[in-house]
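Chain by chain, the residues:
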2 protein chains.
Amino acid sequence: MSEAISQAPVIILNAPQLAENIGAVARVMANFGLSELRLVNPRDGWPQERAWALASGAEWPLNAARVYDTVTEAIADLQTVFATTARPRELTLPVLTPRSAAAELSEASARGERLGLLFGGERAGLETSDIALCQAVVTIPIDPRFRSLNLGQAVAINAYEWRMTVTEAAPPNFRPGPGPATGEAMLGLYEHLERELDAAGFFHPPEKTPNMIQNLRSALGKARFTDQEVRTLRGVVTALSRGRGKVLEKIAKTKGEGA
Amino acid sequence: MSEAISQAPVIILNAPQLAENIGAVARVMANFGLSELRLVNPRDGWPQERAWALASGAEWPLNAARVYDTVTEAIADLQTVFATTARPRELTLPVLTPRSAAAELSEASARGERLGLLFGGERAGLETSDIALCQAVVTIPIDPRFRSLNLGQAVAINAYEWRMTVTEAAPPNFRPGPGPATGEAMLGLYEHLERELDAAGFFHPPEKTPNMIQNLRSALGKARFTDQEVRTLRGVVTALSRGRGKVLEKIAKTKGEGA
């Protein structure tokens, strides 16, 4: 029942073009009780007066908005982030409606997780590599005959669905155990693995590397590893790759002794 | 149940002020499969070029929009009309959320009724006398701390809820996607990984091995890998461990040459 306990999702706009749309997003965030806004590479820089003009008084999300260079940085401290996109992808992430996404976010919030909803820019949408950093894809059930959904509307639908879970919410569960690791921790794991794979000659041909990395990340991301599991898996990567070193040492030693 | 039979609600805007908002309404109607727009006393007359400019190509609701002098005339041929308003009234009409309103409209549509959703102008909203002509009031659950909801957003939320009744199905543009791999395939991955980890000296002390294996398996199992992902991850394990072999070969060769 308590509204105070549940923590609303952060809204992350990747490469938004029009300041007016950022203002409209702030307004609708305020309508539905969201307040934390993050901007990744806003096209026209930040701050932009026209955003405030379009917010109709919903200034606090704009005043507190933080700007990032990459999606990776913008979601580094978050544990559960869903990407909103209308286009099909070659990823194996779950595809949710805004309603089922809100239900999942609500449960994650009750467990104390930090949440985010990621939206692409007006024209380009989201890169698959950014979506691969998320735990699910949210698709608004728009009519296939007219897919051009305004950014503010896309945020509105999702924010409304979040709000519906808050106003109808059951009391939060007891915390069952450790939550999923943050985006930053996951990225640490991914980069560690990719470094070692690269050293082992795994990424070939080179032009397929981005795609291979993306598929690996989205596959592993689905597991929602805890911090402890991330540490274990980094140990796995180290063992497999350093195993190399150990055996080498041994061999070198033997060779040396033998020589 | 059939989408062909169900007739979408007419959207009626009473005394809309900004042509831009009328355009935004047309756009979001198209997004969610609505097409019939009626305007009661648009402030700046009709047609207005700026409406078309803001509709992003959703021109058909604008081209076919009909203009009326009064709400009474605009709803004369409709059987079930709900009024969207945020303010409390001295009326005994049922008060619905957009979700329950959409459910009721859907049922009425299935009975063959002609439906409408009535929205007030940007500033004034709806007169109580106009609401009294309707069969229910729809109230969007906005945060009482910031009630200023954009007209286009109000239509969007209701149109979205209507659309959800038409299609609860998963969005058609996403292929259902491959299911998770079998237990046998997962076990193959686990055993492959564990064999290589064992060779690399990962499992120590020995008495903790069963526990470590268990934790690894349950961490990876959460991802519900597809068959393709299992193959990729076995490739990862092979690359990391055989990277070893490659380097060993190279070293052995060098040593051999050096000797």
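Being a predicted model, the structure only gives us computed values, none of them experimental.

Engineer: Describe the packing of aromatic side chains, and please don't skip the residues or the numbers.
Structural biologist: In total, this model carries nine aromatic pairs over all chains according to the counting rule given. Ring centres of Tyr160 of chain A and Tyr160 of chain B lie 6.4 Å apart, and the angle between their planes is 85°; on these two criteria the pair is classed as edge-to-face. Within this pair, whereas Tyr160 of chain A is found in helix 7 (residues 151–167), its partner Tyr160 of chain B is found in helix 7 (residues 151–166), the two belonging to separate chains. Among the residues examined, Tyr160 of chain B registers a relative accessible area of 0% and is labelled buried. Grouped by ring-pair contacts, the aromatic residues Phe32 and Tyr160 of chain A together with Phe32 and Tyr160 of chain B constitute a single cluster.

Engineer: Explain empty space enclosed by the protein residue by residue, including any values.
Structural biologist: Counted under the stated rule, the structure contains four cavities of 30 Å³ or more. By volume, the largest cavity amounts to about 190 Å³. Surrounding the largest cavity, 14 residues form its lining, Leu233 and Val236 of chain A together with Leu220, Leu233 and Val236 of chain B being those nearest its centre. Elements that contribute at least two residues to the lining of the largest cavity include exactly helix 8 (183–199) and helix 10 (227–258) of chain A together with helix 8 (183–199) and helix 10 (227–258) of chain B. By residue class, the composition of the lining of the largest cavity is 14 nonpolar, no polar and no charged. Taken as a whole, the second largest cavity spans an internal volume of roughly 130 Å³. As for the second largest cavity, its lining consists of 16 residues, and the residues nearest its centre are Leu133, Gln135, Thr182, Gly183 and Met186 of chain A.

Engineer: Describe in detail the packing of helix 1 (residues 19–31) of chain A against helix 7 of chain A, supporting the description with residues and values.
Structural biologist: All names here are of chain A. Between helix 1 and helix 7, the shortest axis-to-axis distance is 8 Å and the interhelical angle comes to 15°. Judged by the inter-axis angle, helix 1 sits roughly parallel to helix 7. Considering the relative orientation of helix 1 and helix 7, their crossing is right-handed. Of the residues in helix 7, those in contact with Asn21, Val25, Val28 and Met29 of helix 1 are Leu151, Gly152, Val155, Ala156 and Ala159.

Each value, and the rule that gives it
Just so you know, the residues in each chain are numbered from 1, in the order the chain's sequence is written. Here the convention is simple: chains get letters from A, ligands get numbers from 1, in the order in which they are written. Confidence filtering applies because this is a predicted model: local features only for residues at pLDDT of at least 70, side-chain atom pairs given and counted only at 80 or more, and all residues used for totals across whole chains, interfaces and linings. For the side-chain quantities, the full set of heavy atoms in the structure was used; hydrogens and water were omitted. Stacked, tilted and edge-to-face are the three classes applied to pairs of Phe, Tyr and Trp rings, where Trp contributes its six-membered ring and a pair requires centres within 6.5 Å; stacked means planes under 30 degrees apart, edge-to-face means over 60, and tilted covers the rest. Put simply, DSSP H or I for four residues or longer makes a helix, DSSP E for two residues or longer makes a strand, and each gets a number counted from the N terminus. Burial classes: relative accessible area under 20% of the type maximum marks a residue as buried, over 50% as exposed, and values in between as partly exposed (1.4 Å probe, protein chains only). Cavities and pockets were defined on a 1 Å grid built over protein atoms only: a cavity is a set of grid points that admits a 1.4 Å probe from which the probe cannot escape, a pocket is an open set flanked by protein on both sides within 12 Å along at least five of seven lines, and lining residues are those with an atom within 4 Å of any such point. Grid points are joined across faces, edges and corners, and a volume is the space filled by probe spheres set on the points. All amino acids are sorted into three groups, where Ala, Val, Leu, Ile, Met, Phe, Trp, Tyr, Cys and Pro are nonpolar, Asp, Glu, Lys and Arg are charged, and the leftover types, Gly among them, are polar. Under this scheme, a helix contributes an axis fitted over its contacting stretch, all axes are lines through C-alpha atoms, and angles between N-to-C directions fall in the 0 to 180 degree range. For this classification, under 35 degrees means roughly parallel, over 145 means roughly antiparallel, 65 to 115 means roughly perpendicular, and everything else is oblique. Handedness of each helix crossing follows the sense of rotation of the near helix against the far helix: counterclockwise by less than a right angle gives left-handed, clockwise gives right-handed. Any two residues whose heavy atoms approach within 4.5 Å at even a single point are treated as in contact.

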